[in-house]
Amino acid sequence: MMEQPDAPATLTQLSNPTHHFSMRFSSTPRGARLARRLAAVRLDAWGHPYDSATHHDVTLIVAELCANAVRHGHVPGRDFRLLLAGTPTTLRIEVTDTRTERLPTTRTPATPTAPLPESGHGLPLIAALAARWAWSPRADGGPGKTVWAEYELP
């Protein structure tokens, strides 16, 4: 499993993506659900059918990142943005919110016998599924951050 990034990463893009999808969504649970559903439709259109492992994994990554943007990156009246980009070998998922002070962290129990918290499992799950993930300040200089993950295609 990949460890949590200690510091913000430089936001890089995939070179010459063959597929691209970007849309803003309301920073609400309904917006997060719509983002996940539209990502699922795009993945299917790009040749990753609904019943494939790639589709399941990437849709789960999208769902977790969007849910985090709504739960931890919500600023009233401001949206979050989902970007999907694909090459023949990699799918990149980016979710940008407008909250700067709440940065991604992964939590682990203090002791092996400590009960697991009810929440806080999303980023460890993303780290297990993605080849890489990190966060960076927004590329356009606005307030907020972008959390991204890259999924290597089989």
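Refer to the structure printed above.
Calculation criteria
Residues numbered from 1 in each chain as written. Predicted model: local features only at pLDDT ≥ 70, side-chain atom pairs only at ≥ 80, totals over all residues. Heavy atoms only, no water. Buried < 20%, exposed > 50% of the residue type's maximum accessible area, 1.4 Å probe, protein only. Helix = DSSP H or I, 4+ residues; strand = E, 2+ residues; numbered from the N terminus. Arc of directions from axis to C-beta. Contact = heavy atoms within 4.5 Å. Expected span 1.5 Å × (residues − 1). Salt bridge = Lys/Arg side-chain N within 4 Å of Asp/Glu carboxyl O. Phe/Tyr/Trp six-rings, centres within 6.5 Å; stacked < 30°, edge-to-face > 60°. Lys NZ or Arg CZ within 6 Å of the ring centre and 35° of its normal. Axes fitted to C-alpha atoms, helices over the stretch in contact; angles between N-to-C directions. Parallel < 35°, antiparallel > 145°, perpendicular 65-115°, else oblique. Left-handed = near helix turned anticlockwise from the far one by under 90°. Nonpolar A, V, L, I, M, F, W, Y, C, P; charged D, E, K, R; others polar.

A. Spatial organisation of helix H3 (residues 122-129). Inspection of H3 places Gly122, Leu123, Ile126 and Ala127 among the buried residues, and these make up the whole buried set. One side of H3 carries all its buried residues, which in axial view fall inside an arc of 135 degrees. For H3, the elements touching its buried residues are helix H2 (53-72), strand E4 (132-137) and strand E5 (145-152).

B. Here's a closer look at H2. With 20 residues, H2 extends 28 Å from end C-alpha to end C-alpha; this agrees with the ideal 28 Å at 1.5 Å per step. Those residues of H2 that are buried are in contact with helix H1 (29-45), strand E2 (79-86), strand E3 (90-97), H3 and E5.

C. Representation of the pattern of salt bridges within the structure. Applying the stated rule across the entire model yields eight salt bridges. As a salt-bridge pair, Arg81 and Glu94 come within 3.8 Å of each other at their nearest N and O atoms. Of this pair, Arg81 sits in strand E2 while Glu94 sits in strand E3, placing them 13 residues apart in sequence. By relative accessible area, Arg81 is classed as partly exposed at 25%. The partner of Arg132 in a salt bridge is Glu150, and the shortest N-O contact between them spans 2.7 Å. In this pair, Arg132 sits in strand E4 while Glu150 sits in strand E5, placing the two residues 18 residues apart along the sequence. Judged by its relative accessible area of 32%, Arg132 falls in the partly exposed class.

D. Fine view of the packing of aromatic side chains. Tallied over the entire structure, the rule returns one aromatic pair. Cation over ring: Arg92 sits above Trp148, and NZ or CZ is 4.2 Å from the ring centre.

E. Quick look at the packing of H2 against H3. Two elements in contact, H2 and H3, have axes whose closest approach is 10 Å; the angle formed by their N-to-C orientations is 150 degrees. Regarding the angle of H2 to H3, the classification is roughly antiparallel. Here the hand of the crossing between H2 and H3 comes out left-handed. Facing Asp57, Leu60, Ile61, Glu64, Leu65 and Asn68 of H2, the residues of H3 in contact are Gly122, Leu123, Leu125, Ile126 and Leu129. A breakdown of the residues in the contact of H2 with H3 according to their chemical character gives seven nonpolar, two polar and two charged.

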